[in-house]
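The primary structure of each chain is shown beneath.
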Amino acid sequence: PYLTDSIMVMSIDQTQKNAYMMSIPRDLWVEYGKACNAGNQGKINEVYGCYSNFGKEDAAGAAALQKKVGSILGMDIQYYAHVNYSVVRDVVKALGTITVDIKGSGGAPGVMDSNFDWKCGPTYAQRMRTCPPNGHFIEYKNGPTVLDAEHALYLAQARGDSVPTYGLARSNFDREINQQKIVKSIREKALSVGTLTNFGKVADLMDAVGNNLRTSFQTGEIRTLAALGQDI
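What counts, and at which threshold
Residues numbered from 1 in each chain as written. Predicted model: local features only at pLDDT ≥ 70, side-chain atom pairs only at ≥ 80, totals over all residues. Heavy atoms only, no water. Helix = DSSP H or I, 4+ residues; strand = E, 2+ residues; numbered from the N terminus. Rg over C-alpha atoms; globule rule 2.2 N^0.38 Å. Buried < 20%, exposed > 50% of the residue type's maximum accessible area, 1.4 Å probe, protein only. Areas by Shrake-Rupley, 256 points an atom, 1.4 Å probe, with all protein chains shown as cover. Lys, Arg positive; Asp, Glu negative; His and termini not counted. Charge placed at Lys NZ, Arg CZ, Asp CG, Glu CD. Pairing = 2+ DSSP bridges. Core = buried A, V, L, I, M, F, W, Y, C linked by side-chain atoms within 4.5 Å. Contact = heavy atoms within 4.5 Å.

For the chain, the count of helices and strands is eight helices and 11 strands. A compact globule built from 232 residues should have a C-alpha radius of gyration of about 17 Å, and the chain, at 19 Å, falls within 12% of that. If you line up the chain on its principal axes, its C-alpha atoms span 50 × 45 × 30 Å. The proportion of buried residues among the 232 residues of the chain is 38%. When the accessible surface of the chain is split by element, carbon and sulfur atoms take 53% of a total near 12,600 Å². Mean positive and mean negative side-chain charge positions of the chain (24 and 23 charges, respectively) differ by 3 Å.

Pairing in this open sheet of three strands is antiparallel, and the strands run E8-E7-E10 from one edge to the other. Every other strand in the sheet has two partners, leaving strand E8 (138–141) and strand E10 (165–166) as the edge strands with one partner each. Taken together, the two bridges between strand E7 (residues 110–113) and E10 define a ladder with antiparallel strand orientation. Of the residues in E10, the one forming a bridge with Met 112 is Tyr 166.

Okay, the nonpolar core next. Counting 33 residues, the largest nonpolar core has Ile 98, Ile 138, Leu 155 and Ile 182 as its most contacted members. Those elements that place two or more of their residues in this core are helix H3 (86–95), strand E6 (98–102), E8, helix H5 (149–155), helix H6 (172–192), helix H7 (199–209) and helix H8 (219–231). Those residues in contact with Ile 182 that lie beyond four places of it in its chain are Val 88, Ile 98, Val 100, Ala 152, Leu 155 and Ala 156. One finds Val 9, Ile 24, Val 30 and Ile 44 within the second-largest nonpolar core, a separate group that totals 12 residues.

Glancing now at the environment of Tyr 166. Tracing the backbone shows Tyr 166 in strand E10. Sequence-wise, Tyr 166 and Leu 191 are 25 residues apart; in three dimensions their C-alpha atoms are separated by 33 Å. Discounting chain neighbours no more than four positions away, the residues touching Tyr 166 are Ala 108, Pro 109, Gly 110, Val 111, Met 112 and Glu 139.

Turning our attention to unusual backbone geometry. In this chain, Pro 132 is followed by Pro 133 through a cis amide linkage whose omega measures 5 degrees. For Pro 133, the location among the structural elements is in the loop between helix H4 (124–130) and E8. Cis geometry is adopted by the peptide bond preceding Pro 164, which originates at Val 163 and carries an omega value of 0 degrees. Relative to the elements of secondary structure, Pro 164 occurs in the loop between H5 and E10. The phi angle at Ser 171 is positive, at roughly 55 degrees, despite the residue not being glycine. Residue class for Ser 171 comes out partly exposed when judged on its relative accessible area of 26%.

Here it is in structure tokens:
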């Protein structure tokens, strides 16, 4: 629960109204600077847990991860937002649905990950009834696809680690691409329904996700971010 398996860096240019987003591979091998569970070096996804005292000191863990990622990219990372996966579900639920452009890797006709078939039921017959046509909770053809909150949440986690699967041949790299698509789709939907144009709605949304969102942004800065979200 203390591994940051999804790490994104966003750089925002307030003057030119541009934003650039990239994912940091969770398997990137780094020096920790102290003894952690994996030793003195290991995957970057353990930096937060190591420095946060297993989540008890969130700001310290986030600061350590900011510093490590910043040293890799040559950037001064000034803020952090730490969210649990459930925030994806909460935000999409508040927006209704989002539309994501599905594109399976390796020439696949779409994306399928059987790791989440338990969402469809405990037996084969029940899975076929609940998740037609093939009994898979995550299975989409290539192209624009409307996702509800639950399907967006599990697409954000899908990396094809259980067979049968297709369209996720690059594992975590494909997962990162889909996560970026989901983030952009959330922004587009939030603009279309007026959420980002109403700071009261933004504040209500933040209250709804509660402790599943921790951030060093102050209220006034979040208001600025919401305004920038309309222009970028």
